[in-house]
Every structure is written in C-alpha cells, then in structure tokens.
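# Coordinate analysis (summary)
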Amino acid sequence: MKKRVVGIAASIAMLAVAVGVPRGAVAQERQELVWGPCEGAASVAGAVSAPAGRADNQMECATVRVPLDYANPQQTIGIALNRIRGKATHDRLGALLVNPGGPGASGRDLVKGVAAGLPEGLADRFDVIGFDPRGVGASEPALRCVDPERYYEAPRPDQVPATRRDEGVLIARARKYAQACGERWSWMLPHMTTENSARDMDVIREALGESKISFLGYSYGTYLGAVYATLFPDRLKRLVLDSVVDPRGIWYRSNLDQSIAFQDRHEDFLKWIARHNPVYRLGATERAVSFAWDAMRDRLADRPAGGVVGPSELDDVYTLGGYSDAIWPQLAKAFSAYVKKGEATPLVNTYRKHAVNDAKDENSYAVYLAVQCRDAAWPRDWARWRTDMTKANARAPFLTWPNAWYNAPCAFWPQQAGSPVRIRDSAELPPVLLIQGERDAATPYAGAVRMRALFHRSRLLAVPGGNHGVALNGNACVDRRLAAYLRDGTLPGARQAPSGAPDARCPGIPAPVPVVAPATVRVPAGHTAGRGDRSR
C-alpha cells in the first residue's frame, strides 16, 4: 500500500522515523472504549476447566482502533477486545492482558479460562483483558487467503515427499497459498509484524486508562510479551511468559529445533504405549511400536481411513500428542484399533474431533504466515530448505517435513521480510516469571534458558514433562507460584548460575493411564495444534 503524505501529520511521522523514536508511536488521542455485550459466546479454546464463578461473570466486548502503519498513522484497523472485570473496589491490580500464542490465535478465547483459573481473591483484583491481534478473528480486517474447504480437503498430498515430483506438488501448493495472500492483502502484509502487535498492545493500555499493564503470554505470546517489554519496559507491572519461545531463533531456526523436539515427544508417546502393551498390543518396546506406526502410515497412503485420513491427516492428529500427553490414551486407542483390528472409525472420529480445519483455522494460518514470514528472513532458495530438511528428517522423521510444508509459503512470500526486534533488558522492567516444561516440543526448554539470560531479573520455574502451556492447566504448584507473583511480584527460588538449571521446580502432572472410554481432553492454554498449528 502506498503511504499517503498528508500535511503536518505525515511530516511528524517522517520525523519520528528519521530520529528513531524508540517507542515508535506518533502521539494519538486517547480513545474512549465503548464496552457492551459480546455477540455470541466466545469459545474457550485451550482454556482451563475451572469451577463456575468468575467464568460466569458478564463478558464485555469493545473495539479499539490502531494505526495500520505506526510511521504513517492516518489509516486505522480494528482490534477486538473482551474483558471480565474484577469485583474488587480497592487494592486493584489493574489490567491483565492475555495471549494464547500462534501467531494467529485469539486472545479473546482465553479470558474466561484465566479469570476462572486464578484464585478468587486475586482474580477479583484484575480486569482480565483479551484481544484478537491484528488480522485475527473478530478484529477487522481478518485475514483469509483461500477457501478452507478446498484447501484442506482430505486426504491431502503426503507431506513426506518420496520423489522430486511429490516435492514439486507440495512446493506448488505452498507457492499458491503465498500468492493468494499477496493478491488479497498486499496493503496489509507489510504491517503484519510482532512489533506492530506489541505497539497495538500499548494502544490498548492507553485506551484502558492504565499507566501500566500486566501480561500473561503462552507460547508465541511469550515472544510478543518480550517484544512489548523491549519497546515499553516502563509500562509493565507483571510479566509472565509460559512455554517460552527461543528469542534467538526467529523463525526458521526455531522451526528446525522444534522438529527435533517433537521427535523426542513422539518417542515418549511410543514408549508409553509400549509400557501399556497389555492394553494396546502394539509391542512391548519402542522399536516394535515404531514399526507399527510406520506400517499404519504407509497403509494410509494407499488406502486412507474412511476415505479421508491419509498420512498428512494422521500427522495432524498425532502432532497433538506432542503438545499434551492428556490425549495419549485416546490416540493410542485409535492407533491400536486400526492396526490390530482394522477398524478405521476410531481414527476417523479422532481426526474429525481434533484436526478438521475450518474458516477460523485458515484465518489463524494466514496470520501465522503473515507474521512469521514478515518478522524475519527465511531462505528463498528451495535447495537450502531441501538440504536442511533432509538432514533433519534423518534424525526427526515424525514432524520435519510436515513442519517444513506448514512454513514453506515463507519461501515464496510476496512481502519482503524485516528484521526481528532484538530482545533486551531494561532497569525499568519488573521482575519476570518464566514457566517451562522440560520436554516441551513446541517451545523447547533451551529457549526459556536463553530468555532468562536476556532478562536478568527473571526466574525460571520448570516442571518435568512436555505439556505445552503449564500455568492454569491443572498443576497446583505452578498455579500457586503464578498467583504469588501476580499478587505482589514474588518470584520463586533463587537465581541460578548461567547454566541450564532452573531457578525453581514444581512436580509434573502424573502420566496418563489407559482408559476404555474416550476421555475429555483439556488442550493446553493457547494451543490449536490439533488443527495444524506447527508453531508456538
């Protein structure tokens, strides 16, 4: 989109760019938010299952206008907000903004879960604020690039190419998606960055009338929070980063690391099945179960289950097991039924429940790519991708190629990439609480250690296991530490030497046990991986 040069306002914007104003905002008049009833009930994707109470409070919604381009702020876009207001009339702690990850996930879907999950006396002191980042959900405009029914029609081509011809089909698919986004959104794609979303957060803060805000971010939301902390360190009261993105790997490198970590989690799943061989009868060793897995995937390539679950759909379903082991019994049951009894129905039902993509998922994917492809440079030479993925696939065959194709449109993205914000500390920042699963696949543990090194007053609270999104998801020890920090800034433990050791630990949630009937699965906060999320 061409920038309009209009009188003094444009001159001020150009001057701000020229002198490098660190907080980038050309002064905007404070907006008066108009809160009202929300249209329809917001789903709580990945939110905690908590007792009724705070979650039943009246939800209010509003829209705030933010500049499309902060260097030239005449044109604005809408950011959709919702909130649950605290009941307290004194000792209030202000606004707690929440973000579940993505990029591309709706923060409005997280508000009820957070408000219900915090202890009542603490929750009443916060206004819990959700927002759909630019391009997402109810924000206007919402990015959509293709017809989801056609794009996700199952079975899709196998994401693990056996030949160069197979690879060419997948390259064409990625290129076509990138072109479709460019044709529809050429005016908006240049402004789809994490930095701009962080600046949008500060507009929200100002519109709320708060001098400081608190922030709880999961997954990609940890990077968004770190960018906000870098740009506006004096405007934070509390900062919680749960399941932490590696700030040094934005984004190509971090996806390669992620594929390796998902292999480890997949192997954890196979070992768990082997330990319960009397139930699933897929083998008493990881090697035997792995053989059964490969045989199932090969068979689905020739004969998709129910005509819809081929190898790519299988990958989508079982990637969810890398995010949460709560679903392992359900996944293992479908796996066993297919291999041992030839029953396709449990596999198809699991796919339909967890991995069928719709218009909301395509919106999330479009924003995911728009942000990641714009935030930082990706290789434009496909030969580099092929070399890197071939090498990684030898070590990590479970997700390397599926993850590559999920991100492949960035190789053909119509908008030139920028440079990621360099995360840095500040004496104005409050102490920071980092929470991390030690075998988290989506955001590997090493990223949390690197983030801690950047924020010198931070503390890292670790838990065993690989569940992604730890706080307010059933771990009472973690939730107590979170509540103490939000209440008065108390951090757990003592700062460790610069090694991989955490500053404090909590016990993990016990491993799941096999069940006969499908269990209700609580997806970790901010997680949409069962619908194809390969990111945070």
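Right above here is the structure, for reference.
Keep in mind the model is a prediction, meaning the values are calculated, not measured.

### Observations concerning the overall build of the protein
Secondary structure assignment for the protein yields 18 helices and ten strands. Looking at the protein as a whole, 59% of its 536 residues are labelled buried. Of the roughly 21,500 Å² that the protein leaves accessible, carbon and sulfur atoms contribute 52%.

### As for the pattern of salt bridges
Summed over all chains, the structure comprises 22 salt bridges. Two residues, Arg-83 and Glu-60, come together in a salt bridge whose shortest N-O distance is 2.7 Å. In this pair, Arg-83 sits in strand β3 (residues 76-84) while Glu-60 sits in strand β2 (residues 60-67), placing the two residues 23 residues apart along the sequence. Each of the two residues, Arg-83 as well as Glu-60, counts as buried. Of the charged contacts in the structure, one is a salt bridge between Glu-167 and Arg-164, with a shortest N-O distance of 3.9 Å. Note that Glu-167 and Arg-164 are positioned in helix α5 (residues 164-185) at a spacing of three residues, about one turn of the helix. In this structure Glu-167 comes out as buried when scored by relative accessible area, which is 6%. Overlapping salt bridges bring together Asp-202, Arg-205, Asp-234 and Arg-235 as one network.

### Focus on a positive patch on the surface
On the surface, Arg-281, Lys-333, Lys-340 and Lys-341 cluster together into a positively charged patch. Checked against the element boundaries, Lys-333 lands in helix α12 (residues 328-341).

### Concerning the sheet that holds strand β4 (residues 94-99)
The strands that make up a sheet are held in pairs by hydrogen bonds between backbone atoms, and each pair lies either parallel or antiparallel. Spatially, the ten strands line up as an open sheet ordered β1-β2-β3-β5-β4-β6-β7-β8-β9-β10, and their pairing is mixed. What marks the edges here is a single partner per strand, and that holds for β1 (36-37) and β10 (504-505). Both β4 and strand β6 (residues 213-218) contribute to a ladder of four bridges, which runs parallel. Residue Leu-96 lies in a different strand from β6, and its bridge partner there is Ser-214. Here helix α7 (residues 220-231) sits on the sheet in contact with β4, β5 (126-131), β6 and β7 (236-242), set at roughly 150° to β6.

### Some words on the packing of helix α8 (residues 252-275) against helix α16 (residues 400-407)
Closest axis-to-axis distance for the α8/α16 pair is 9 Å, and the angle between their directions is 150°. Considered as vectors, α8 and α16 are oriented roughly antiparallel to each other. Every pair of crossing elements has a handedness; the one defined by α8 and α16 is right-handed. Together, Asn-255, Gln-258 and Ser-259 of α8 and Thr-400, Asn-403 and Asn-407 of α16 make up the contact between the two elements.

### Structural notes on helix α13 (residues 345-354)
Leu-347, Val-348, Thr-350, Tyr-351 and His-354 are the residues of α13 that are buried. Angular distribution of buried residues about the axis of α13 spans 160°; they occupy a single face of the element. In the core, the buried residues of α13 are packed alongside α10 (286-302), α11 (311-323) and α12.

### Comments concerning the state of the cysteines
Inspection of the entire model under this criterion finds four disulfides. What pairs with Cys-145 in a disulfide is Cys-181, and their sulfur atoms sit 2.1 Å apart. Across the disulfide from Cys-145 to Cys-181, rotation about the S-S bond amounts to roughly 115°, and the bridge is consequently right-handed. In this pair, Cys-145 sits in the loop between β5 and α4 (148-151) while Cys-181 sits in helix α5, placing the two residues 36 residues apart along the sequence. Relative accessible area serves as the criterion here: at 1%, Cys-181 is assigned to the buried category. Here the protein pairs its bonded cysteines, counted in sequence order, in the arrangement 1-2, 3-4, 5-6, 7-8.

### Brief notes about the packing of aromatic side chains
By the definition in use, this model includes 25 aromatic pairs. With centroids separated by 5.1 Å and ring planes inclined at 55°, the aromatic side chains of Tyr-151 and Tyr-177 adopt a geometry described as tilted. Of this pair, Tyr-151 sits in helix α4 while Tyr-177 sits in helix α5; the two residues are 26 residues apart in sequence, bridging distant segments of the chain. No difference in accessibility class separates Tyr-151 from Tyr-177, as the two residues are buried. Ring geometry for Phe-269 against Tyr-318: centres 6.1 Å apart, planes inclined by 45°, an arrangement best described as tilted. Of this pair, Phe-269 sits in helix α8 while Tyr-318 sits in helix α11, and the two are 49 residues apart along the sequence. The pair formed by Phe-269 and Tyr-318 is uniform in burial state, with each residue classed as buried. One aromatic cluster in this structure is built from Phe-269, Trp-272, Tyr-280, Trp-293, Tyr-318, Trp-328, Phe-335 and Phe-398. Over the aromatic face of Tyr-151 sits the side chain of Arg-173, whose NZ or CZ is 3.9 Å from the ring centroid.

The rules behind the values
- Residues numbered from 1 in each chain as written.
- Predicted model: local features only at pLDDT ≥ 70, side-chain atom pairs only at ≥ 80, totals over all residues.
- Heavy atoms only, no water.
- Helix = DSSP H or I, 4+ residues; strand = E, 2+ residues; numbered from the N terminus.
- Buried < 20%, exposed > 50% of the residue type's maximum accessible area, 1.4 Å probe, protein only.
- Areas by Shrake-Rupley, 256 points an atom, 1.4 Å probe, with all protein chains shown as cover.
- Salt bridge = Lys/Arg side-chain N within 4 Å of Asp/Glu carboxyl O.
- Patch = residues over 30% accessible without salt bridge, like charges linked within 9 Å, V, L, I, M, F, W, Y side chains within 5 Å.
- Lys, Arg positive; Asp, Glu negative; His and termini not counted.
- Charge placed at Lys NZ, Arg CZ, Asp CG, Glu CD.
- Pairing = 2+ DSSP bridges.
- Contact = heavy atoms within 4.5 Å.
- Axes fitted to C-alpha atoms, helices over the stretch in contact; angles between N-to-C directions.
- Parallel < 35°, antiparallel > 145°, perpendicular 65-115°, else oblique.
- Left-handed = near helix turned anticlockwise from the far one by under 90°.
- Arc of directions from axis to C-beta.
- Disulfide = S-S within 2.5 Å.
- Phe/Tyr/Trp six-rings, centres within 6.5 Å; stacked < 30°, edge-to-face > 60°.
- Lys NZ or Arg CZ within 6 Å of the ring centre and 35° of its normal.

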